Protein chains: 2
Amino acid sequence: MKMMEIIEGGITTPQGFKAAGVHSGVKYRALDLGMVFSEVSASAFVGYTNNEVKAAPVQVMMKENSPKLSAVVINSGNANALTGRRGIEDVIAMKQAVAAELNIDPIEVGVMSTGLIGRFVDMHKIRYGISRAARELDTGREADGLFTEAIMTTDTIKKEYSVRVRLEDGTLTYISVASKGSGMISPHMKVLHGTTLTIVTTDASLSPAFGSKWQEILDNSLNMVSVDGDQSTNDTAILMANGKAGGSFADDDPEFTSALETVMTKIAKTIALDGEGATKLIEVQVTGAESKDDARRAARQIINSPLVKSAIFGSDPNYGRIMMALGNSGCKFNLEDVRLTIKGGDIEVPILDSGAPVFQEERSVEVVRMAMDNKEVIIAVDLALGKESAIGWGCDLTYDYVRINAEYAT
Amino acid sequence: MKMMEIIEGGITTPQGFKAAGVHSGVKYRALDLGMVFSEVSASAFVGYTNNEVKAAPVQVMMKENSPKLSAVVINSGNANALTGRRGIEDVIAMKQAVAAELNIDPIEVGVMSTGLIGRFVDMHKIRYGISRAARELDTGREADGLFTEAIMTTDTIKKEYSVRVRLEDGTLTYISVASKGSGMISPHMKVLHGTTLTIVTTDASLSPAFGSKWQEILDNSLNMVSVDGDQSTNDTAILMANGKAGGSFADDDPEFTSALETVMTKIAKTIALDGEGATKLIEVQVTGAESKDDARRAARQIINSPLVKSAIFGSDPNYGRIMMALGNSGCKFNLEDVRLTIKGGDIEVPILDSGAPVFQEERSVEVVRMAMDNKEVIIAVDLALGKESAIGWGCDLTYDYVRINAEYAT
């Protein structure tokens, strides 16, 4: 059997996890409250938004910084952000309600919220939802699906991936990730330190030291996604490892790390592709940078440029804008050495040579348009200066992004 | 007579300046080449884009760093950026052609370009345009108008302001500014150091030391405008002072500074309002910041947020996004102390108290929508921490911005 295999599965695929998704009434009709429960207390690794304005659940969880979680409750429709002291009290009440239902310690309850900023949560509805979700906790694909649906806001695609991986010591473990996120996406999550909410369940065992590796994986996956450059007040990514598969700590197992990276990269790309109004996935590959930081900065600046994003929406071969964005990134490079390539479908077009475009003919420019006229467009920038690289994901800027966000609160 | 008076006038209103605007053929039909000439050599103060990828004319002018200019030629339709060695040679040829026509030293010829990035300039057309513009140089409102029209790209409003100011020593002087800029607007111009191109003519006398004041005025005016957060490869702002009004140096004359600030602020607001696809002007006023840098950073982050901009387009009272953007700015503040006010027309709505919204009722939220439903929306953020302030200008993000930029090169 292969060491790692992508499988059909969801948040309850790893052993010992249950989930539910219910309608609490915060949203008019859709499911709006999800719950995940591990039958044994799980080691928890959490990345939080770096935005100075942090939502109430983020504030509470950062303060408690619990190394163990048994349950996570997620409500959608209301971000519980910009809600002052009352918001904090509501989070504490949510934790207590979940703890009472599941007979666990409130400190082992994680809370994530997403939705409109600046409105108080209706706790009557939330309490009802928590109680109902606790009763409906279950395993299997139906539970997975209800949970994933309950955490969505403007998402149009359910975001879940599962992988089965055999560790070096022979233990068979599962990793599953479920995520939401479509707009206000430009996470820079720090361990203890998007609104993307992500929860990863695994039945592998992880030691507390795994936190730094979780940060590194976040930095290469979710933290390299940007839909609009706007970092949310609520971004949170929780990894729960309950050890139900047995075996020793998987911290340094290369197969485990690789499997976790695989699902996190898949989820990152899916979030980008499902960016509000998006019609195309843009992948920016920066190589040859002097530092990792430079590579990431360059990738993010290109991914975030409204002019680059609009050009790709229209398959408009205005590649000068990519270089404009690179020039604004603060990343080091010599223009004369930069190699820029645009790829889409089977077409790969080299653009620059010695600081000027390779071609000027309208007919050649037409090839760039053909490359851009694909569901997935790759912008490869080789700075030819050093050995560091980074990959970032984003999406095009479309009429629908404007429409969605011009009438969100309405 | 008042010390300072806004007057109907243009780039040739100050004594000793002539201008022209012609069709060179770079654009299909519209005017595309403008020229300004001062009959005596003028002290020149120039701010250049901070983008690492600098257009050929910017590179050449920064290198020469001439303290005196007699003429400036501006072509629109082609940015002469990302054009390598050939681009540089074309700029030098443009300077020589203008110098030959006007019988001046090539080093005293300024060059600015705007338009598509990554295409070589057609020098046959440019030479023809230069020759024709030199012959058509004139004073008066018709010349002003032709010049201002010739430098436009996606602009829909001609951008020019004039002011008459009596200096403390009694000298009567004139200041006029003409500008273009609509997209790729987020200038951070440094002296010796947009694509906004701006030219200011004045018949006052200025000493070389005025450069630092020009930087300060740029930092408070053009450098606080952002249409899309994308800084151009070509932004340039040239101030020409030919001293034809006589009198002593106006460097430290408060009336002169105030008059120059007035026209530069007016032009900054006009550029923001004429942002690509814009339907509204957004002014962000940040007060109570600990440092000037903090105040500017906060204003810029709010002005640049696609989510804030889309919300204002739709008059969607989603004020939480303003705080989300503030939280991402890196500016220091205590959330509990921040006062946020939204103003539009005669309506002024306080939003925050102690870190939470003042009101939660749908009826109150409706008032925010009414305030936002104005041609000019003011977002006032008082950080209540220090004494520094800044004002930034931007515009809403609309369907038309996407349309314009999805088919620019086409």
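This part takes up the relation of the copies chain B and chain A. Laying chain B over chain A is done by rotating through 180 degrees and shifting 0.0 Å along the axis; what remains is an RMSD of 0.0 Å. Accordingly, the operation relating the two chain copies is best matched by a two-fold axis. Considering only C-alpha atoms, the part of chain B nearest the rotation axis is Tyr399(B), at 2.6 Å. Looking at chain B, 100% of its interface residues are interface residues in chain A too, so the copies touch through the same face.

With that settled, consider the domain arrangement of chain A. Residue and element names in this part refer to chain A. If you check the domain split of chain A, you get domain 1 (4-271) and domain 2 (281-406). A straight line from the C-alpha centre of domain 1 to that of domain 2 covers 32 Å. Listed per partner, the contact involves nine residues of domain 1 and 14 residues of domain 2. At the level of elements, β10 (225-226) and α6 (254-273) are the ones that each hand at least two residues to the side of domain 1 that touches domain 2. Looking at the side of domain 1 that touches domain 2 residue by residue, the class counts come to four nonpolar, four polar and one charged.

Attention shifts here to the sheet that holds strand β13 (residues 339-344) of chain A. Residues and elements named next belong to chain A. Strand order across the open sheet formed by six strands is β10-β18-β12-β17-β13-β14, with mixed pairing between neighbours. Every other strand in the sheet has two partners, leaving β10 and β14 (347-350) as the edge strands with one partner each. Pairing of β13 with strand β17 (residues 376-382) involves six bridges; the strand directions are antiparallel. Among the inter-strand pairings, Arg 339 is bridged to a residue of β17, identified as Asp 382.

Turning our eyes to something else, we now look at the interface of chain B and chain A. Frequently, the measure chosen for interface size is the accessible area that the parts lose on association. Each side of the interface is counted separately: chain B has 55 residues, and chain A has 56 residues. Looking at the side of chain B that touches chain A, the elements that each hand over two or more residues are α2 (84-102), α8 (306-313), α9 (320-327), β16 (356-357) and α11 (399-406) of chain B. Here the element with the most residues in the side of chain B that touches chain A is α9(B); it accounts for seven residues.

Moving on, we come to the packing of helix α2 (residues 84-102) of chain A against helix α3 (residues 123-136) of chain A. All names here are of chain A. In the contact formed by α2 and α3, the axes pass within 9 Å of each other and the chain directions differ by 25 degrees. The angle between α2 and α3 falls in the class roughly parallel. The handedness of the crossing between α2 and α3 is right-handed. Facing α2, whose interface residues are Asp 90, Ala 93, Met 94, Ala 97, Val 98, Glu 101 and Leu 102, α3 presents Met 123, Ile 126, Arg 127, Ile 130, Ser 131 and Ala 134. Residues that form the contact of α2 with α3 fall into these classes: nine nonpolar, one polar and three charged.

All names here are of chain A. Residues Val 377, Ile 379 and Val 381 of β17 are buried on one face, while the alternating residues Glu 376, Ile 378, Ala 380 and Asp 382, pointing to the opposite face, are not. Pairing of strand β12 (residues 281-289) with β17 involves seven bridges; the strand directions are parallel. Bridge pairing links Leu 281 to Glu 376 in β17.

Calculation criteria
- For every chain, the first residue of the written sequence is number 1, and numbering continues from 1 onward in sequence order.
- As a convention, the first chain written is A and the first ligand written is 1, with the rest following in written order.
- This being a predicted model, a pLDDT of at least 70 is required before a residue's local features are given, and a value of 80 or more before pairs of side-chain atoms are given or counted; all residues contribute to the totals for chains, interfaces and linings.
- Copies overlap after least-squares fitting; the atoms used are the C-alpha atoms of residues with pLDDT of at least 70 in both.
- Our contact criterion uses C-beta atoms placed from the backbone: two residues qualify when those atoms are within 7 Å.
- What marks off one domain from the next here is an automatic or database domain assignment.
- Labels follow the DSSP assignment, with helices taken as runs of H or I lasting at least four residues and strands as runs of E lasting at least two, numbered in each case from the N terminus.
- Under the grouping applied here, Gly and all other residues not named as nonpolar or charged are polar, the nonpolar ones being Ala, Val, Leu, Ile, Met, Phe, Trp, Tyr, Cys and Pro and the charged ones Asp, Glu, Lys and Arg.
- The pairing criterion for strands is at least two bridges between them, as found by DSSP.
- Helix axes are fitted to C-alpha atoms over the stretch in contact, other axes to C-alpha atoms as well, and angles between N-to-C directions run from 0 to 180 degrees.
- An angle below 35 degrees is read as roughly parallel, one above 145 as roughly antiparallel, one from 65 to 115 as roughly perpendicular, and any other as oblique.
- Left-handed describes a crossing whose near helix is turned anticlockwise from the far helix by less than a right angle; the clockwise case is right-handed.
- Here a residue counts as buried when 20 or more other C-beta atoms fall within 10 Å of its C-beta, as exposed when 12 or fewer do, and as partly exposed in between; the C-beta atoms come from the backbone.

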